[in-house]
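Single-letter residue listing:
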Amino acid sequence: MAGLQHARIGASLEVASASLAGHRFEKHSHDEFVISANLCGLEDVWLDGRTFQADSGDLTLYNPGQIQGGGVRDGQPWRFASLYLPAAELASSLDLSSVEFDRPLLRSPALGRELAASIEALLASDRFARERGEERLLDFLGRLLAASGTRPVSYTHLRAHETGRNLVCRLLLEKKK
């Protein structure tokens, strides 16, 4: 199947599944966490000035506000499944005021398959399958957080007038100097 499937789950979750060839994303950011399973293809990733590759079976874990871009080379197949999760929801599920992932890449084919299966169920037309997908997604998130490492966020590095997004912009500008 070529193309993109996308759905909003409830008021705040979003999921997507894509099968593309030679696709690239320009540098951009999200206000929420982006958790993606790379199912096929070797993705070149640019994240906040660093580069790395995500292979089949890898998970990419982007914190809100991080500048990201990348994709696969021309003509190369790429399949991925992604979850877009508001920061407040993930933090409150851990009884924290805020949280972020320690690292952007997790090599875990089993967790990647689990996320993809959850998203596939959430994109199904059958109501029972979607409900089962929600249950699977909750189980997945628990295992992901245990495997990936998260940390409470300290905003002591923010200047008095800055928000997290302003900080990202300031840090990017300072890197150019």
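Right above here is the structure, for reference.
Since this is a predicted model, take the numbers as computed values, not measurements.

Peer 1: What's the story with the overall build of the chain in this structure? I'm lost.
Peer 2: Scanning the chain for helices and strands turns up four helices and twelve strands. A buried classification covers 44% of the 177 residues belonging to the chain. Of all intrachain contacts in the chain linking residues separated by at least 6 positions in sequence, the fraction that spans at least 24 positions is 71%. Of the accessible surface of the chain, which amounts to about 9,800 Å², a share of 53% is contributed by carbon and sulfur atoms.

Peer 1: Honestly, the nonpolar core in this entry has me stumped. Any pointers?
Peer 2: Taken as a class, soluble globular proteins show a tendency for nonpolar side chains to be buried jointly. Counting residues in each nonpolar core, the largest one holds 28 residues, and the members touching the most others are Ile35, Leu59, Leu83, Leu115, Phe140 and Leu144. Apart from the residues within four sequence positions on either side, leucine 83 is in contact with Leu13, Glu14, Val15, Phe33, Val34, Ile35, Leu115, Ile119, Leu137 and Leu141.

Peer 1: Where do I start with unusual backbone geometry in this structure?
Peer 2: Across the chain, the bulk of peptide bonds are trans and the bulk of non-glycine residues have phi less than zero. Residue aspartate 48 is not a glycine yet carries a positive backbone phi of 50 degrees. Take aspartate 48: it is sitting in the loop between strand S5 (43-47) and strand S6 (50-54). Among the residues examined, aspartate 48 registers a relative accessible area of 21% and is labelled partly exposed.

Peer 1: Would you take a moment to explain the pairing of S5 for this structure?
Peer 2: The side chains of a regular strand alternate, first on one face of the sheet and then on the other. Of all the five residues making up S5, four are buried; the element is thus mostly covered by neighbouring parts of the structure. Bridging between S5 and S6 involves five bridges; their strand directions are antiparallel. Among the inter-strand pairings, glutamate 43 is bridged to a residue of S6, identified as alanine 54. Where S5 hands over to S6, the hairpin turn is made up of two residues, of which aspartate 48 adopts a positive phi near 50 degrees.

Peer 1: Help me out: how do you make sense of the layout of surface pockets in this one?
Peer 2: Of the pockets and cavities examined, the second largest pocket occupies roughly 340 Å³. Around the second largest pocket, the lining comprises 22 residues; the ones closest to its centre are Phe25, Gln68, Phe80, Ser82 and Tyr84. Secondary-structure elements contributing two or more residues to the lining of the second largest pocket are strand S1 (3-9), strand S2 (13-21), strand S3 (24-28), strand S4 (33-40), strand S7 (58-62), strand S8 (68-71) and strand S9 (77-85). Its residues placed into classes, the lining of the second largest pocket shows eleven nonpolar, ten polar and one charged.

The rules behind the values
- Residue positions within a chain follow its written sequence, with the count starting from 1.
- The predicted origin of the model limits local features to residues at a pLDDT of at least 70 and limits the giving and counting of side-chain atom pairs to 80 or more, whereas totals for whole chains, interfaces and linings rest on all residues.
- Computation of side-chain values covers all heavy atoms of the structure but excludes hydrogens and water.
- Only DSSP runs of H or I covering at least 4 residues are called helices, and only runs of E covering at least 2 are called strands; the numbering of each starts at the N terminus.
- Burial classes follow relative accessibility: with a 1.4 Å probe on protein chains only, a residue under 20% of its type's maximum area counts as buried, one over 50% as exposed, and anything between as partly exposed.
- Two residues qualify as a contact provided that any one of their heavy atoms is within 4.5 Å of a heavy atom in the partner residue.
- For the accessible areas, the method is Shrake-Rupley and the probe is 1.4 Å, while residue cover comes only from the protein chains on display.
- Here, the term nonpolar core denotes a set of buried Ala, Val, Leu, Ile, Met, Phe, Trp, Tyr and Cys residues that are joined through side-chain atoms within 4.5 Å.
- In short, DSSP must find at least two bridges between two strands for them to pair.
- Throughout, the protein atoms alone are placed on a 1 Å grid, and a set of points is a cavity if a 1.4 Å probe fits but cannot get out or a pocket if it is open with protein on both sides within 12 Å along at least five of seven lines; lining residues have an atom within 4 Å of a point.
- Grid points are joined across faces, edges and corners, and a volume is the space filled by probe spheres set on the points.
- Three residue categories are used. Nonpolar comprises Ala, Val, Leu, Ile, Met, Phe, Trp, Tyr, Cys and Pro, charged comprises Asp, Glu, Lys and Arg, and polar comprises the others, including Gly.

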